[in-house]
Amino acid sequence: MVKIDIIGAPTAFGQPKLGVSLGPDAVRFSGLEENLKSLGHDVSDLGNVYGNYKTVYRKDNVKDGQGLINFDEVRDFSEHLSQAVDNTLKNKRFPFVIGGDHSLSIGSVSAVSHHYSNLGVLWIDAHGDINSSDTSPSGNIHGMPLGVLLGEGNEALVNINHKGAKLKHENIVLVGVRDLDAGEKAYIKKHGIKCYTMSDVARLGLDTVITKALKHLQECDGIHLSLDVDSLDPMEMPGTGTKVDGGIFLSDMLLALNILSKTEQLVSADLVEVNPLLDNRNKTAVKAVTLAEYIFGQSQI
Ligand SMILES: NC(=[NH2+])NCCC[C@H](N)C(=O)O
Ligand SMILES: [Mn+2]
Ligand SMILES: [Mn+2]
């Protein structure tokens, strides 16, 4: 039995497409809390986190001096989210953060890293999200959370929750990657970051990849899962803002999550980038709930 706090993080400030702020409710309305309860868990939905701004999105998406879009809003939201995640961990509960765009991981992982000195991160995503204000071609902060957590670029973002870098390069594993920017490729190579691309997944199978990823993180005192729904193929997950063909299929992902759910090291998770306005009859949110069930031990027999 896991004591789970569902934390809605409806931020859309990290990218320009409207609708991702509706993600948490679409996932809730598809049965998230009830289904996790039927698996035997103690589940509490804490509702949504909001920052000091009146909305969780901007229609105009303004760049600041460093080329960061909606910088003040992202920083403010991240601080608020990190406080909520910190409280959950203090209460000895599992923070399960539902997005919202992937910039939310700056807040969630910053808080988790305060509780685990050698935190590992399993980042399942079509993208690397390892840009920084120095390398990002778009200025969208949802493409930068790993970069920020590694201490790169804009200092105010790096210092969210507490000062300095939150993760070690060797404690990160990327899985499902198939769309990296040039700066991201260079950074991953320079720092020797463990990265399983879709070609690796095609060659080895996702079950083997996840087993290898967990082996790589075996010395970590906790593992955070950050699961971007665009890691799945767009045929599976149409409701997301930065789709890339050639992704993971649901059956493979469920097997991988089943393997992951058996490790005692898993301490927190994010499920991000569900955008109901881009979806086809809420399919993406419904499957996101299935992913959540498997993270928390659902099995097929
Ligand atoms: N979390 C995501 N969906 N990120 C997409 C990032 C796309 C691109 N690499 C960028 O930095 O703008
Ligand atoms: Mn992505
Ligand atoms: Mn992402």
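Residues numbered from 1 in each chain as written. Chains lettered and ligands numbered in written order. Predicted model: local features only at pLDDT ≥ 70, side-chain atom pairs only at ≥ 80, totals over all residues. Heavy atoms only, no water.

If you look the chain up in an unreviewed UniProt entry, it shows as Arginase from Jeotgalicoccus aerolatus. Under the heading Sequence similarities (unreviewed entry), UniProt records this for the chain: "Belongs to the arginase family." (UniProt positions renumbered as here; feature names shortened; annotations may be inferred.)

**Section: the packing of aromatic side chains**
Tallied over the full model, the rule gives 3 aromatic pairs. A centroid spacing of 5.0 Å and a plane angle of 75° characterise the contact between Phe-94 and Phe-296, whose relative ring orientation is edge-to-face. Note that Phe-94 is positioned in strand 3 (residues 94-99) and Phe-296 in the segment after helix 11 (283-295), a separation of 202 residues in sequence. We note that Phe-94, like Phe-296, is buried. (Phe/Tyr/Trp six-rings, centres within 6.5 Å; stacked < 30°, edge-to-face > 60°. Helix = DSSP H or I, 4+ residues; strand = E, 2+ residues; numbered from the N terminus. Buried < 20%, exposed > 50% of the residue type's maximum accessible area, 1.4 Å probe, protein only.)

**Here we look at the site of ligand 1**
Residues in close proximity to ligand 1 total 13 residues, the closest being Asp-129, Asn-131, Ser-138, Asp-181 and Thr-242. Within the side chain of Asp-129, an N or O atom sits 2.9 Å from a nitrogen atom of ligand 1. Asp-181 is positioned such that a nitrogen or oxygen atom in its side chain is 2.7 Å from a nitrogen atom of ligand 1. Contact with the protein chains covers 93% of the free accessible surface of ligand 1, which is 350 Å². Of the residues assigned to the shell around ligand 1, the class counts are no nonpolar, 7 polar and 6 charged. (Near = heavy atom within 4 Å. Polar contact = N/O pair within 3.5 Å; in protein donor to acceptor, adjacent residues only side chain to side chain. Areas by Shrake-Rupley, 256 points an atom, 1.4 Å probe, with all protein chains shown as cover. Nonpolar A, V, L, I, M, F, W, Y, C, P; charged D, E, K, R; others polar.)

**Here's the deal with the nonpolar core**
With 49 residues, the main nonpolar core has Phe-96, Leu-122, Leu-225 and Leu-291 as its most contacted residues. Broken down by element, the residue count for this core peaks at 7 residues, all from helix 11. If we skip the residues at most four places from it in the chain, Leu-225 touches Leu-122, Ile-124, Leu-257, Leu-260, Leu-266, Ser-268, Ala-269, Asp-270 and Ile-295. Counting 31 residues, the second largest nonpolar core, distinct from the first, contains Ala-84, Leu-146, Leu-167 and Ile-172. (Core = buried A, V, L, I, M, F, W, Y, C linked by side-chain atoms within 4.5 Å. Contact = heavy atoms within 4.5 Å.)

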